[in-house]
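One letter stands for each residue in the lines below.
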There are 2 protein chains.
Amino acid sequence: MGKILVFGHKNPDTDTITSAIVYSYLKNQVGQDTEPVRLGEVNGETQFALEQFNVEAPRFIETAANETDQVILVDHNERQQSVIDIEEVRVLEVIDHHRISNFETSEPLYFRAEPVGCTATILLKLFKENNVDIPKNMAGLMLSAIISDSLLFKSPTCTEEDITAANELAQIADVNIEEYGLAMLKAGADLSGKSVSQLISLDAKVFEMGEHKVEIAQVNAIDPGEVLALQKEIEDVLDLVIVEKSLSLFVLAVTDILNSNSTIIVRGAHTEKVEQAYNLPLVNNQALLEGVVSRKKQIVPVLTEVFKG
Amino acid sequence: MGKILVFGHKNPDTDTITSAIVYSYLKNQVGQDTEPVRLGEVNGETQFALEQFNVEAPRFIETAANETDQVILVDHNERQQSVIDIEEVRVLEVIDHHRISNFETSEPLYFRAEPVGCTATILLKLFKENNVDIPKNMAGLMLSAIISDSLLFKSPTCTEEDITAANELAQIADVNIEEYGLAMLKAGADLSGKSVSQLISLDAKVFEMGEHKVEIAQVNAIDPGEVLALQKEIEDVLDLVIVEKSLSLFVLAVTDILNSNSTIIVRGAHTEKVEQAYNLPLVNNQALLEGVVSRKKQIVPVLTEVFKG
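The name given to chain A in an unreviewed UniProt entry is Probable manganese-dependent inorganic pyrophosphatase, with the source organism recorded as Jeotgalibacillus proteolyticus. Recorded under Sequence similarities (unreviewed entry), the UniProt text for chain A is reproduced unchanged: "Belongs to the PPase class C family." Checking UniProt for chain A, the heading Subcellular location (unreviewed entry) contains the comment "Cytoplasm".

Given below as C-alpha cells:
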C-alpha cells in the first residue's frame, strides 16, 4: 500500500512545493504516514526559499500508482495538472485555492478549497484547527508561498487573510517580509542561463475550457524586455507545443513584477478569443495587459467565459 | 442582484433542509445577506424536526437565476441534483459530505467537503471557526440532521466526529438523543397515505456513472414488507421514470431501519450491473442486501466502479 503521497501540480511553483512539504509534516504530526513528493523541477525562487529555511526539496516522482494507492493533492485539483496516473490512485484529500474543474471521485473525501491567494494560508488554519505547533522552518516555507503567489501582496488574488497569515508566519519564522520577499522574488525572476523551452515551462498549466485545451504559461521578470527580445524563438517553441498537446491556444504572460502588468504572447488557432476576452487587438501576436498579474484571477476566468460563450 | 440563496439538493431530506436553514443563519450572523430555500417538498421526518424546534420550513423555489446571481450549495455538489438553472448563477460556496462529481467553476470558491456522516457536523465546526454562538433551535436542527443521516448512529457513514457533534448539540438543544431520535425516525418512516410515486421520490437522486444515468431512491421503513407488497405497482412507476429521464438503471432501496438492511428493487436495461456489484442474483428484480443502509457509502461507489470498469 505504501505511504500516502502528498503533491502539488506539474511545473511546480513555490506554493506547490512548500505546501506538499508543510502539509505532509502536519499530517505526520497527527499520526498519518505521508511523504511529500514533486512532479517537476524545483525553480530558482523555490530553491532560494528551501535554502533559506534549510529544508530539502521533496523527491521527484513520475507516476504514483507504482508505489502507493492513496494520495493527497495540494494547490491543484484539475486532473490534467496532476500526476499522469491520477486515475489509478485514490485521492484522500485536496487542499487548494483554485477553481474546481475536471475533478471527480466515487467516494466522499476531505476537500478544502478557499478563495484565498495561497494554499499556505489555508494550511495555517489547518495547523490551528488540529492544534499542532508550527516550527520555524515550516512557517518560513508558508510565508515564502504567500509572498510568491501574491507577488509580495500586489496581486489581486491577495486577500486580507493572506496578509494576516503572512505577518503571523513572519513572526514565527523571524524574517523581515519586505526584505526577504524581494530577495526571493528576484531569485525567481533571474532568467539567466534559461533556454526558451525552460522559460515557457517554468510555470505553465493546461486548462480545459469548453471543448478546448488552453495552455497558459507565466514568466515573472524584473526586465520583461529581456524575455520579449526572444519573441521569434518563443513563438516557434509555442507552435511546437500546440501541435504536440493539441492545444487550441497558448498564452505566455510575461509579468513585470515591479510595475504589475503583463505582456502576453499568443499563438494557436483561437487567438481571437484573447482579443474578445480583453477587448483589444493583438499586434504582432502580442498585447500589453495593464494591471494583469494573476493567471488565476485575471486570465483563466475571462478566457473560460469566452470559450464557453 | 438579490439575496444569496442557500439550498440543498432536490428531493430534500432532513440534512439538506436544516443545513440550508442553519448555514444561512450562520452567514447572516457574520454579516452576509442570505436566505435558505428548498427545491422540493418537506418530508414527514423533517417536518417533525422543524415543529419540535419551532422553525419555519424554507421557501420553495423552482429556479434561482430569476431572483439572484449568487448561491451557496449545502449537502450536495452534483449539478443534476441541484436547482435546474444552476449553470446561470455563481456558486460562492459548497458545504458538503458527498463525493465530488459533475461540478466545476470558472473561479475559485469556498468548497468545504469532509468525509463525515452529515453536513451538520461540518456546520458545527464552522460555527466554532467563526466564533458564532449556537442558539438552541439551530442546535436542535443540526442534531436532527445527524440522527437522520446516521440512522441514529447505525449507518456505516457515521464517524466518531458525528457522534461527538451530536452529543454536543444535544446538550445545547436540551433533548434526549435516543428518545427524540427514534420518534423523529418513526415520523419519517410513516408511509401511510403515500402513493407509489410519492414513495419512490421521497429521497431519490440521479448519479452519472461513466456514460450512464442511474437513479437511486431510498425509503426508510419500520416494516419493509408494507412497501414490498407494492412491488408490481412500484415497477410500473420505475419503468415510466426510466423512459422519462433516459436512465440506464433505477435502484429503489427499501431500508429496514430497525434491522439495518435493505431490500432493493431494480429496473432498467442494466440490472446486471447490480448483480455484478454485489455478486448476487436478482430474483424477481429483487435482492436483500444485508447490512446495507447507506446509499452514499454502500451503493453509489460500488455501482460507479462497475459502470466504469
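S.K.: Explain the UniProt feature "binding site: Mn(2+) 1" (unreviewed entry) in chain A here, please?
M.R.: Residue and element names in this part refer to chain A. As recorded in UniProt, the sites labelled "binding site: Mn(2+) 1" (unreviewed entry) are His9, Asp13 and Asp75. The greatest C-alpha distance among the residues just named is 9.7 Å, despite their covering 67 residues of sequence, which places them together in space. Mapped onto the elements, His9 comes out in the loop between β1 (4–7) and α1 (14–29). For His9, a relative accessible area of 1% corresponds to the buried category. If near-sequence neighbours (up to four positions away) are discounted, His9 is found in contact with Thr16, Leu39, Val74, Asp75, His76, Gln81 and Lys205. One polar contact links His9 to Thr16, side chain to side chain, over a distance of 3.0 Å. As for its position among the elements, Asp13 is in the loop between β1 and α1. Contacts of Asp13, omitting those with residues within four sequence positions, involve Asn43, Thr46, Asp75 and Asp149.

S.K.: In this structure, what is going on with the packing of α1 of chain A against helix α3 (residues 119–129) of chain A? I would like to understand it.
M.R.: Two quantities define a packed helix pair, namely the angle between the helix axes and the distance between the axes. All names here are of chain A. Contact pair α1 / α3: the axes reach a minimum separation of 10 Å and the direction vectors enclose 10°. The angle between α1 and α3 falls in the class roughly parallel. Listed contacts from α3 to Asp15, Ser19, Val22, Tyr23, Tyr25 and Leu26 of α1 are Thr119, Ala120, Leu123, Leu126 and Phe127. Tallied by class, the residues present in the contact of α1 with α3 amount to 8 nonpolar, 2 polar and 1 charged.

S.K.: Help me out: how do you make sense of the side chain of Thr255 of chain B in this one?
M.R.: Residues and elements named next belong to chain B. Position of Thr255 relative to the elements: it lies in strand β9 (residues 249–256). Separated by 2.9 Å, the side chains of Thr255 and Gln218 make a polar contact. Among the polar contacts listed, one links the side chain of Thr255 to the side chain of Ser262, at a separation of 2.8 Å. Each residue touching Thr255, except ones within four places of it in the same chain, is listed here: Leu151, Gln218, Val219, Asn220, Ala221, Asn261, Ser262 and Val293.

S.K.: Mind showing me how you'd approach the sheet that holds strand β7 (residues 204–209) of chain B here?
M.R.: Neighbouring strands of a sheet are bound in pairs by backbone hydrogen bonds; such pairs are parallel or else antiparallel. All names here are of chain B. Reading across the sheet, the 5 strands line up as β7-β8-β9-β10-β11 and stay open at both edges, with mixed pairing between neighbours. The open sheet terminates on both sides in strands that have one partner only, identified here as β7 and β11 (286–290). Shown here is a sheet whose adjacent strand axes are inclined to one another by a mean of 25°, direction ignored. Note that strand β10 (residues 261–267) and β11 share 5 bridges and pair antiparallel. Along β11, the bridge assignment pairs Ser262 with Leu289. Along the sheet, helix α11 (residues 295–308) makes contact with β7, β8 (212–221) and β9, crossing β8 at roughly 155°.

Criteria and thresholds
Residues numbered from 1 in each chain as written. Chains lettered and ligands numbered in written order. Predicted model: local features only at pLDDT ≥ 70, side-chain atom pairs only at ≥ 80, totals over all residues. Heavy atoms only, no water. UniProt positions renumbered as here; feature names shortened; annotations may be inferred. Helix = DSSP H or I, 4+ residues; strand = E, 2+ residues; numbered from the N terminus. Buried < 20%, exposed > 50% of the residue type's maximum accessible area, 1.4 Å probe, protein only. Contact = heavy atoms within 4.5 Å. Polar contact = N/O pair within 3.5 Å; in protein donor to acceptor, adjacent residues only side chain to side chain. Axes fitted to C-alpha atoms, helices over the stretch in contact; angles between N-to-C directions. Parallel < 35°, antiparallel > 145°, perpendicular 65-115°, else oblique. Nonpolar A, V, L, I, M, F, W, Y, C, P; charged D, E, K, R; others polar. Pairing = 2+ DSSP bridges.

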